[in-house]
Structure formats: structure tokens, C-alpha cells
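Coordinates in review
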Amino acid sequence: MKLFIDSAKIEEIQKLEDLGVIDGITTNPTLASVTGKKFKDLVSEIFETLSKDRIINLEVIATDYDNILKQARALAALDSRVVVKIPCIPDGLKACKKLSEEGIRVNITLVFSPMQALLCAKMGAFYVSPFVGRLDDISMDGMDVISEIVKIYKNYEYKTQILFASVRSVEHIRLAALAGVDIVTSPYNFIMEMYNHPLTDKGLAQFLEDWKNAGEEFIAV
Ligand code: G3P
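These numbers come from a predicted model, not from an experiment.

Okay, the site of the ligand next. Residues in close proximity to the ligand include Asp-6, Asn-28, Lys-85, Phe-131, Arg-134, Ala-165, Ser-166 and Arg-168, which together make up its full environment. For the ligand, an oxygen atom lies 3.4 Å from a polar atom in the side chain of Lys-85. Taking Ser-166, its side chain carries an N or O atom lying 2.7 Å from an oxygen atom of the ligand. Its residues assigned to classes, the shell around the ligand comprises two nonpolar, two polar and four charged.

Take the sheet that holds strand β7 (residues 161–164) next. In spatial order, the strands read β1-β2-β3-β4-β5-β6-β7-β8; together these eight strands close into a barrel with parallel pairing. On average, adjacent strands in this sheet sit at an angle of 30° to one another, irrespective of strand direction. Where strand β6 (residues 127–130) meets β7, two bridges bridge the pair, whose relative direction is parallel. Across the sheet, the residue bridging to Val-128 is Ile-162, located in β7. The strands touched by helix α3 (residues 39–49) are β2 (24–26), β3 (55–59) and β4 (82–87); relative to β3, the strand with the most contacts, the crossing angle is about 170°. Relative to the sheet, helix α6 (residues 114–122) contacts β5 (106–111) and β6, its axis offset from that of β5 by approximately 165°.

The contact between helix α1 (residues 10–19) and α3 brings their axes to 10 Å, and the two run at 10°. Relative to α3, the element α1 lies roughly parallel. Of α3, the residues touching α1 (which contributes Ile-10, Ile-13, Gln-14 and Glu-17) are Leu-42, Glu-45, Ile-46 and Thr-49. Considered class by class, the residues forming the contact of α1 with α3 number four nonpolar, two polar and two charged.

What sets the pattern is the α-helix's 3.6 residues per turn: residues three or four places apart point alike. The first and last C-alpha atoms of helix α5 (residues 90–101) sit 17 Å apart over twelve residues, in line with the 16 Å expected at 1.5 Å per residue. Taken as a whole, α5 has its buried residues at Gly-92, Leu-93, Ala-95, Cys-96 and Leu-99. Projected down its long axis, α5 carries its buried residues within an arc of 160°, all on one side. In α5, the exposed residues that point more than 90 degrees away from the buried face are Pro-90 and Glu-101. The first or second residue beyond α5 is Gly-103, which carries a positive phi of 90°.

A word on a nonpolar patch on the surface. Side chains of Trp-211, Phe-218, Ile-219 and Val-221 sit close together on the surface and give an oily, nonpolar patch of about 550 Å² of accessible area. Locating Phe-218 in the fold gives a position in the segment after α11 (198–213).

Attention now moves to the side chain of Glu-12. By secondary structure assignment, the location of Glu-12 is in helix α1. Comment: no salt bridge for buried Glu-12; closest opposite-charge side chain is Lys-9, at 4.2 Å. Here the side chain of Glu-12 touches Ser-7 through a polar contact of 2.7 Å, side chain to side chain. Each residue touching Glu-12, except ones within four places of it in the same chain, is listed here: Ile-5, Ser-7 and Tyr-188.

This part covers the pattern of salt bridges. Counting across every chain of the model gives ten salt bridges. Two residues, Glu-17 and Arg-54, come together in a salt bridge whose shortest N-O distance is 2.9 Å. You can see Glu-17 sitting in helix α1 and its partner Arg-54 sitting in the loop between α3 and β3, a full 37 residues away along the chain. For Arg-168, the salt bridge goes to Asp-137, with nearest N and O atoms at 2.9 Å. Residue Arg-168 is located in the loop between β7 and α9 (170–179), and its partner Asp-137 is located in helix α7 (residues 132–137); the two are separated by 31 residues in the primary sequence. Judged by relative accessible area, Asp-137 falls into the partly exposed class, the value being 49%. Each member of the salt-bridge network shares a partner with another, and the members are Glu-17, Asp-53 and Arg-54.

The rules behind the values
Residues numbered from 1 in each chain as written. Predicted model: local features only at pLDDT ≥ 70, side-chain atom pairs only at ≥ 80, totals over all residues. Heavy atoms only, no water. Near = heavy atom within 4 Å. Polar contact = N/O pair within 3.5 Å; in protein donor to acceptor, adjacent residues only side chain to side chain. Nonpolar A, V, L, I, M, F, W, Y, C, P; charged D, E, K, R; others polar. Pairing = 2+ DSSP bridges. Helix = DSSP H or I, 4+ residues; strand = E, 2+ residues; numbered from the N terminus. Axes fitted to C-alpha atoms, helices over the stretch in contact; angles between N-to-C directions. Contact = heavy atoms within 4.5 Å. Parallel < 35°, antiparallel > 145°, perpendicular 65-115°, else oblique. Expected span 1.5 Å × (residues − 1). Buried < 20%, exposed > 50% of the residue type's maximum accessible area, 1.4 Å probe, protein only. Arc of directions from axis to C-beta. Patch = residues over 30% accessible without salt bridge, like charges linked within 9 Å, V, L, I, M, F, W, Y side chains within 5 Å. Areas by Shrake-Rupley, 256 points an atom, 1.4 Å probe, with all protein chains shown as cover. Salt bridge = Lys/Arg side-chain N within 4 Å of Asp/Glu carboxyl O. Lys, Arg positive; Asp, Glu negative; His and termini not counted.

All we've got here are geometric facts, nothing functional implied.
Following this line, the structure appears as C-alpha cells:
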């Protein structure tokens, strides 16, 4: 399973890039706007921060076919690592088909139902991004939507990859992995939480204490 960070904060992206744990990033207009940086400058910084084999999801803000095409082509031309995020609306899906035929990878975002996901696959999307947390937020079951998308894609052997988005907990990441999604995009804090277990901390403290008490010396390094 690939792991992306859902953030436009350079410090967070840099930390996870340094740890070598992420395969890419997702951004959206909200995440970009809270940085307070000009989008152009932010994008340049993101390109510099991430290594060559990472995936960088950048989103259009146009909502009509012609302008979605223009913005998507402009984003894709910036860097070979870019996957273009386009909202799940009729013009967006029409543009997805055209762009996919041109070899531009598209991530259809703001997906909330298996039927939307079916259309994304039919239109050649590279990624489909179901927003699980936002469904849970309104007392629907986001995981049910994920399970149905996984089943539908298997039934028809669609190549579109499922990108589990809108993560609200580490538990979401565990459930996503069990469901067999291709990618999870998570905020920084939940990725860091994945490392944690109290028994790891306790066990390590004990190892170091026992070593110290024994007056041992490590091999020459
Ligand atoms: O990248 C988009 C998605 O992950 C949004 O998450 O937390 O705003 O629902 P959230």
C-alpha cells in the first residue's frame, strides 16, 4: 500500500520525506491556502522537497470543461511527478477522459459514492479519491463506500487506483489496508502515530537499562 501525506506544509512534507516513509503527497485548495504562500511559490517548494520518484497531486480550481483542461495541462507540464486532481462533476469527468487519452494522470477528488467511483474508472481516472472521513462526519459509513468500490473495481478489473482520503485516525489507515486500497493519504500526525506502541518504548528503555547495568561495551564502529 502506498502512503501519501495530505498536506501542503513544507516542514511536514520534509520530515516524512527524510524518514523515507511516503510515496507522495496530496494537496487541495484549502490545504494550499492555509500555508499563506502564493500557489506558484508553494508548488516550487514542494517540487524541491520531494525526491524524483514521488507522486505530487495538485488540484485545478476550474469547474468548466475547457478551463479544467487548460489548468490540468498547465499543472501536468510543470513536472513529471504531477497527478492532476479534478472534482467529481460532469465536466470534470469529461475532462478526465480527454486528459487520460493524452497521457495525463488524473485523480478524481471529492468522491463520496460507489457510483461516482464507477464513473471515474470508466472515464480512465488514474486515481479515485473517496473522502471517507467526511462521510463518517455526517454519520454515514465511509468504510462501506470503500468496500463497495474495491468490489466493483475487482468485478470489472478496472485499473483506476483507490486513494483513501479524508483520514480521521490511524484506525482509518488500518481499515484501509485491510480493505485492500492502493493508497492512503493521511495528515502528518496520523502517519507519525503509526510508528508508536507503548511496548516498543518500554522494551527499548529496558534493553538500554540492562545494557548499561551490565557495563557492556558495543563492538567498534
Ligand atoms: O486531500 C483531501 C482530503 O483528504 C480531505 O480531507 O480532512 O479535509 O476531509 P479532510
